[in-house]
Amino acid sequence: MTGLPPVTDLATWQKARDELLVREKAHTREGDAIAAERRRLPMVEFDGDVPVVGPAGPVPFRTLFDGRDELLVYKHMWWDGAPHQGQCEGCTHVPWHFRDASYLNARGVSFAIVTTGAWDEVAPYVEFMGYPQPWYSVRGVDGPAGGDMGYLTTYVRDGDRTFLSYSTTARGFEVASTSLGLLDLTVRGRGETWEDAPDGWPERQHAGWFWRTNADGESSWGEDGRPVPQWTRPGAGPVTTLGRQGHCH
C-alpha cells in the first residue's frame, strides 16, 4: 500500500509522539483561552416574540428555550422544492452527528434546529430523516433569530428578554460534526485538497467529498447521489435527480 508513514520501533515512535504532544497541549490551552474570551463577548438583545413555525404551528422564538436559560441552535440551509436527496449535504452532516441533547439539557442548555425552508416541506423531511431534535422554520425571519444559515448560534435569556451571544463562521460547525475531528486523528485524514499531506499520499479531493454517495457507496455529487446518512433511512433507494432549483439559503 502506498502513502504510509515510515516504520520505526516503539521507542522512536514514543519520542515523536511526545514531541507532538507539546504542541497538542498548547493548542488545547489556547482553545481554553479563546473560550474564555467567547464567554466575555457582549450580547445583542432581540425580540423573543418573533414567530417561528414548528409542529404546533407559529410559536414565539423564546419557545425554543424550552424553559431553560440558554439555547444552542443549528441553522440548517434549505433547497426550496427539492426532494429529500436534494437537501444540503453539508447541513445534513451536523444534525446527524448530534442526535441527543441530554448532556446539554442537564447543563441548562436547550438545542434546536431552524431552517429557512417552509414548514410544509421541512416536516416530512424531518420525519424521513428520523431526527429527534426539535425543528422550526424561520422563513422570512431576520437575524438574530433567523438570518444566514449554516452556523451554530447560541442565545441566552433573562426572564422574558432574549439575547444573541455567539455565532460560528465557516468551519465553526465542526465542533458538532465529530467524525471530522476523529478523521483528523487518522493517517489519511479527511482526504481533502486543503490538507497538508506527505508526498505519495492518495490523491486528495474537494472538501466534503465523502458526504454524498450513490447507491453503490461511491462518492457522487451528481444527480444519483444522496447525503450519506439517507441511505440508512427506510425507503431510501437509488435516485436520478436532486431536484434543485434556485439557490440553497
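For the structure itself, consult the block above.
Residues numbered from 1 in each chain as written. Predicted model: local features only at pLDDT ≥ 70, side-chain atom pairs only at ≥ 80, totals over all residues. Heavy atoms only, no water.

Observations concerning the packing of aromatic side chains
1) Next: This model, assessed by the stated rule, comprises twelve aromatic pairs.
2) Next: Between the aromatic rings of Y125 and Y131, the centroid separation amounts to 6.5 Å while the plane-to-plane angle is 55°, which identifies the pairing as tilted. Grouping residues by exposure puts Y125 and Y131 together as buried.
3) Next: Between W209 and F210, the ring centres sit 5.4 Å apart and the planes meet at 80°, which makes this aromatic pair edge-to-face. (Phe/Tyr/Trp six-rings, centres within 6.5 Å; stacked < 30°, edge-to-face > 60°. Buried < 20%, exposed > 50% of the residue type's maximum accessible area, 1.4 Å probe, protein only.)

Observations concerning a negative patch on the surface
1) Next: A surface patch of negative charge is lined by D216, E218, E223 and D224.
2) Next: With respect to the helices and strands, the residue E218 is situated in the loop between β9 (212–213) and β10 (226–227).
3) Next: For E218, a relative accessible area of 47% corresponds to the partly exposed category. (Patch = residues over 30% accessible without salt bridge, like charges linked within 9 Å, V, L, I, M, F, W, Y side chains within 5 Å. Areas by Shrake-Rupley, 256 points an atom, 1.4 Å probe, with all protein chains shown as cover. Salt bridge = Lys/Arg side-chain N within 4 Å of Asp/Glu carboxyl O. Lys, Arg positive; Asp, Glu negative; His and termini not counted. Charge placed at Lys NZ, Arg CZ, Asp CG, Glu CD. Helix = DSSP H or I, 4+ residues; strand = E, 2+ residues; numbered from the N terminus.)

Some thoughts on the pairing of strand β3 (residues 57–60)
1) Next: One ladder, built from four bridges, connects strand β2 (residues 51–54) with β3; its direction is antiparallel. Bridging from a neighbouring strand, V53 pairs with P58 of β3.
2) Next: Counted between consecutive antiparallel strands, the loop separating β2 from β3 contains two residues. (Pairing = 2+ DSSP bridges.)

A look at the nonpolar core
1) Next: Ranked by size, the top nonpolar core spans 26 residues in total, and within it Y74, F111, V122, Y125, Y131, W135 and F173 carry the most contacts.
2) Next: Listing elements by their share of this core, those giving two or more residues are β4 (70–76), α2 (89–97), β5 (109–115) and α4 (119–129).
3) Next: Per-element tally for this core: the top contributor is α4, with six residues.
4) Next: Leave out the neighbours within four places in its chain, and Y131 touches T92, P95, W96, R99, Y125 and V126. (Core = buried A, V, L, I, M, F, W, Y, C linked by side-chain atoms within 4.5 Å. Contact = heavy atoms within 4.5 Å.)

Describing the environment of P6
1) Next: Looking at where P6 falls in the secondary structure, it is placed in the segment before α1 (10–39).
2) Next: Residue class for P6 comes out exposed when judged on its relative accessible area of 78%.
3) Next: When the C-alpha positions of P6 and P234 are compared, they lie 44 Å apart, and in sequence the two are 228 residues distant.

Concerning the pattern of salt bridges
Charged atoms that come close allow side chains of opposite charge to pair.
1) Next: Applying the stated criterion across every chain yields a total of 14 salt bridges.
2) Next: Between E174 and R190 there is a salt bridge whose closest N-O contact spans 3.0 Å. Residue E174 is found in the loop between β8 (161–167) and α5 (178–183), and its partner R190 is found in the loop between α5 and β9; the two are separated by 16 residues along the sequence. You'll find E174 and R190 in the same group, each marked buried.

Some remarks on the side chain of E195
1) Next: Along the chain, E195 falls in the loop between α5 and β9.
2) Next: Here E195 falls in the buried class, since its relative accessible area comes to 14%.
3) Next: At 2.8 Å, the side chain of E195 forms a polar contact with the backbone nitrogen of E192. (Polar contact = N/O pair within 3.5 Å; in protein donor to acceptor, adjacent residues only side chain to side chain.)

Concerning the side chain of S220
1) Next: With respect to the helices and strands, the residue S220 is situated in the loop between β9 and β10.
2) Next: On the basis of relative accessibility, which here comes to 11%, the residue S220 falls in the buried class.
3) Next: A polar atom in the side chain of S220 sits 2.4 Å from the side chain of D224.
4) Next: Setting aside chain neighbours within four positions, we find S220 in contact with R212, T213, N214 and G225.

Some points on the environment of N105
1) Next: With respect to the secondary-structure elements, N105 resides in helix α3 (residues 102–106).
2) Next: On the accessibility criterion, N105 (28% relative accessible area) is partly exposed.
3) Next: Through-space distance from the C-alpha of N105 to that of Q14 is 40 Å; in sequence the pair is 91 residues apart.

Observations regarding unusual backbone geometry
1) Next: In this chain, G143 is followed by P144 through a cis amide linkage whose omega measures 5°.
2) Next: Secondary-structure assignment places P144 in the loop between β6 (135–137) and β7 (152–158).

Focus on α2
1) Next: In terms of residue burial, α2 counts as a mostly covered element, since seven of its nine residues are buried.
2) Next: Within α2 the residues assigned to the buried category are E89, G90, C91, T92, H93, V94 and P95.

Quick word on the environment of H27
1) Next: Along the chain, the position of H27 falls in helix α1.
2) Next: The class for H27 is exposed, based on a relative accessible area of 63%.
3) Next: Sequence separation between H27 and S177 is 150 residues, and the spatial gap between their C-alpha atoms is 19 Å.

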